[in-house]
Amino acid sequence: MLNRILSLILALLGAVLAVGGGQLALLGGSFYYLFAGLAMLATAWLLFRRNPLALPLYAALTVITLGWAVWEVGLDWWQLAPRGGIIVLVALVLCLPAVRAPLAGAGRGMSSGLPLMIAAALSVLVAVVSMFQDPSAIRGELPQDRVNVPPNTGNEAGDGEWHQYGRTHFGQRWSPLDQITPENVTGLETAWTYQTGDVKGPDDVGETTYQVTPVKIGDSLYVCTPHNLAISLDAATGEENWRFDANSGLNPDRQHQTCRGVTWWEAPQAQDADTQDPEAAFRAAAAEECPRRVYLPTADARLIALNADTGEVCSFFADNGTLHLEQGMEYNPAGYYYSTSPPVAVDGRLIIGGAVNDNFSTQEQSGVIRAFDIDTGELLWNWDSGNPDVTAPIDIAGGETYTTNSPNSWSVFSVDEELGFVFIPMGNRVPDQLGMGRSPAVEEHSSSIVALDIATGAKQWVRQTVHHDLWDMDVPAQPVLIDLTRDGQSVPALVGPTKQGDIWVLDRRTGEPLTPREELPAPGGAIPEDFTAPTQPISALTFRPDPMTGRDMWGVTMFDQMWCRIQLHKLNYEGQYTPPSLEGTIVYPGNFGVFNWGSVAVDPERQVLFGMPTYLPFTSRLVPASEIPPKDAATTASEQGLNRNDGAPYGVVMGPFLSPIGVPCLAPPWGFVAGADLTTEQVAWKHRNGTVRDMTPLPLKVRLGVPGIGGPIITRGGVAFLAASVDDYLRAYNLTDGTQLWEARLPAGGQSTPMTYEVGGKQYVVIVAGGHGSIGTKPGDYILAYALP
């Protein structure tokens, strides 16, 4: 009876493999699955007939499977397991005496099962050996010499301070503090914990996320929350100083409900004001009312000026303390436009961009970059990528408007005050996947890094990272400014991470790469109405993945792995930059990006980089407008699923490339930490990062290398800190070789960038843990500080 049941199970497994394997073979994929299915069917028939040939036949299948698997993926346990797991499990069952005994009557020792036992034992041995291998790792060390001392960090305000989102306007995310070192970091303990009270609710949009990095000035921290609370805390104790509620409400059409930070400004020391000069008198009064300020961007497109000492609104700014950012837009649908990132404050100006909902409509707000007077809120200049040569303020009262749907900048800007430039990471014109009708100006500035003059907004240079972007490859990260030593000379450089995985190292004076770049051939085959660029740029320093092949497909079992291999052949995929299609296209790297808004951290003394590359393919499929159903009033905005593109000939369905049981079709690891030498533009080390602790029903702390979104920081002590991954931990790493040194369990998802500061002679490390809606981490409202005892 047992053998009859086993033969039935084997027949079912074999039938599935034979049918799926046959389809895969016809599509041009591996013949292994067809062979394995037929071998299983034959084994099932022999077992049903009590024929002892079943055992050596299955032994042959086991050995061939082992050889094929090792040939495809080497000694990578995570890739060997789905290929051979079921095969070996069945082999072990067939070795049981209760299975072999009924076969003995056929004689000649064929039922001894010795060949099958040897095959199974060999497979288990290979599996055990592979558990101690990591073929994805790059092992090495970053240089430890401090070649640039003292370093140029931009608008430095003191070693223990963190005045801007990336610490200074240079966005280096590097602190000169060195109290915490690789030798003592394991002694970090929780110093204090604070809860904001702002937690994701049932009526919130899916991507309600904590992405904030606090700023620290003097003895105070300043943060914002997803629903636009501004809060000041005591930096030593975490006790609340004040809070302000912007009352930005909810809107189901907002694609993002987040706030990455507030902007700090201290008014210049007031001189004796000329009472006969109204402007001087006004500015003196403003400095007296709010000598120190934080500016809060909101989810309903406002910018609010607050007194940093009290939390009171600065009434002199704009309209009773509030600047309305929707002014000058030809179209202004509610919930489609807002600012998720803090503006930069420089030279008496607030320079700000805005996020525009991806793929909602052809009639959305402009991506204009604007500079406003920091006291009055008066518009000083506007740079519209759809009309880039005219920066004088438009006549809003007279009905002038900005270019509809022009490329926007939703991330954080960087500033070099000495050069007089502000550096803008640009997005794409929506709809992202449809390139028809883009003007020459839009084509030039989409998905690029642009340098503008701080005083006038005039464009100084543009460096495009994708031509004719059809894949949502926004430049997502704050450009990082660092002075690099090349050929014995100090060169003012810019380091620009991209979603494609490129790290552009440019001369920030001109936008020219410090190492010659290449243009690589790109796939064609766009829809008839559109076109593709024949080539695409690539940087010298890059974390781009290799194109996916069948051997890169994954699953928990060989069955969902086979399904992924079939989909790889059925969907359009000719490598990176395969254009969108009606049949469906694989986009890899996906629009989640190898790098995203968390950017990278650089050490300006050692001239090295620490980053968190992530690898997840997505799929996109164009849908004719006539086939898009009416909008459901209960639907909340999201970047995944159906994006309607109202007014366009096509919508688009997007999402991660997953197997039928919901795991990525791409084999792990999906997330890494990595170090690179910026003087040579070479990757020195790369290690898988993060565990499946919070991805599975069982709390298994297995270091698989998981996705993440957030950013790192570096300290002069030689320690890098990073949370970001989908398991809820804050970790510390040795900057030199990437070794993990310490970790702390977080009460919620840590998809933000940490920061560090000093107060009272003690160095603190702070992380905000509130979860991230898009990747499903645990929501919360925590701010946690760590310090040595």
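Reading the values: the criteria
- Every chain is numbered on its own, with residues counted from 1 as its sequence reads.
- Since the coordinates come from a predicted model, pLDDT governs what is reported: local features require at least 70, and pairs of side-chain atoms require 80 or more to be given and counted, while whole-chain, interface and lining totals use all residues.
- With hydrogens and water excluded, all non-hydrogen atoms of the structure serve as input to the side-chain values.
- Pairs of strands are assigned from DSSP output, requiring at least two bridges between the strands.
- Only DSSP runs of H or I covering at least 4 residues are called helices, and only runs of E covering at least 2 are called strands; the numbering of each starts at the N terminus.
- Think of each axis as a best-fit line through the C-alpha atoms, taken over the contacting stretch in the case of a helix, with angles from 0 to 180 degrees between the N-to-C directions.
- The term polar contact refers here to a pair of N or O atoms within 3.5 Å; inside protein, the definition further demands a hydrogen-donor-capable atom paired with an acceptor-capable atom, and it admits residues adjacent in sequence only when both atoms are side-chain atoms.
- Disulfide: a pair of cysteine sulfur atoms within 2.5 Å of each other.
- Residue exposure (1.4 Å probe, protein chains only): buried if accessible area is under 20% of the type maximum, exposed if over 50%, otherwise partly exposed.

(A) Molecular detail of the sheet that holds strand S40 (residues 762-769). Strand order in the open sheet formed by four strands is S2-S41-S40-S39, and the pairing between neighbours is antiparallel. The sheet terminates laterally at strand S2 (189-195) and strand S39 (755-759), the two strands that pair on one side only. In this sheet, adjacent strand axes meet at a mean angle of 25° when their direction is disregarded. In the sheet, S39 pairs with S40 via five bridges, with the strands oriented antiparallel.

(B) Representation of the sheet that holds strand S29 (residues 608-611) in the model. Spatially, S28-S29-S33-S34 is the arrangement adopted by the four strands of the open sheet, whose pairing is antiparallel. Edge positions in the sheet fall to strand S28 (601-603) and strand S34 (682-688), since each of these pairs with one other strand and no more. With strand direction ignored, the average angle separating the axes of adjacent strands in the sheet is 15°. Sheet topology note: the strand S33 (residues 672-677)/S34 ladder contains six bridges and is antiparallel. Within S34, the residue paired with Phe672 across the bridge is Arg688.

(C) Layout of the environment of Arg100. Checked against the element boundaries, Arg100 lands in helix H5 (residues 97-100). Distance in space between the C-alpha atoms of Arg100 and Phe372 is 83 Å, their sequence separation being 272 residues. Here Cys95 takes part through its backbone oxygen, which lies 2.9 Å from a polar atom of the side chain of Arg100.

(D) Here's a closer look at the state of the cysteines. Using the criterion set out here, one finds three disulfides in the structure. Across a sulfur-sulfur distance of 2.2 Å, Cys290 and Cys314 are joined as a disulfide pair. Of note, the bridge from Cys290 to Cys314 carries an S-S torsion of about -115° and is left-handed in sense. Here the residue Cys290 occupies a position in the loop between helix H7 (278-289) and strand S8 (292-297), and Cys314 occupies one in the loop between strand S9 (302-307) and strand S10 (322-324), the gap between them amounting to 24 residues. Across this residue pair, the class does not change: Cys290 and Cys314 are buried. The disulfide partner of Cys564 is Cys665, and the gap between their sulfur atoms is 2.0 Å. Torsion about the S-S bond of the Cys564 and Cys665 cystine: about -70°, corresponding to left-handed handedness. Here Cys665 lies in the loop between strand S32 (650-656) and S33 and Cys564 lies in helix H9 (residues 558-570), a separation of 101 residues in the sequence. The pair Cys564 / Cys665 is uniform in exposure class, with both members buried. Take the cysteines of the protein that form disulfides and number them in order along the sequence; they join up as 1-2, 3-4, 5-6.

(E) Representation of the pairing of strand S41 (residues 782-787). Within S41, five of the six residues are buried, leaving the element largely enclosed by the surrounding structure. Of the pairings in the sheet, the one linking S2 to S41 comprises six bridges and is antiparallel in character. Residue pairing in the sheet places Gln195 in a bridge with Tyr782 of S41.

Remember, this is a structural readout, not a statement about activity or role.
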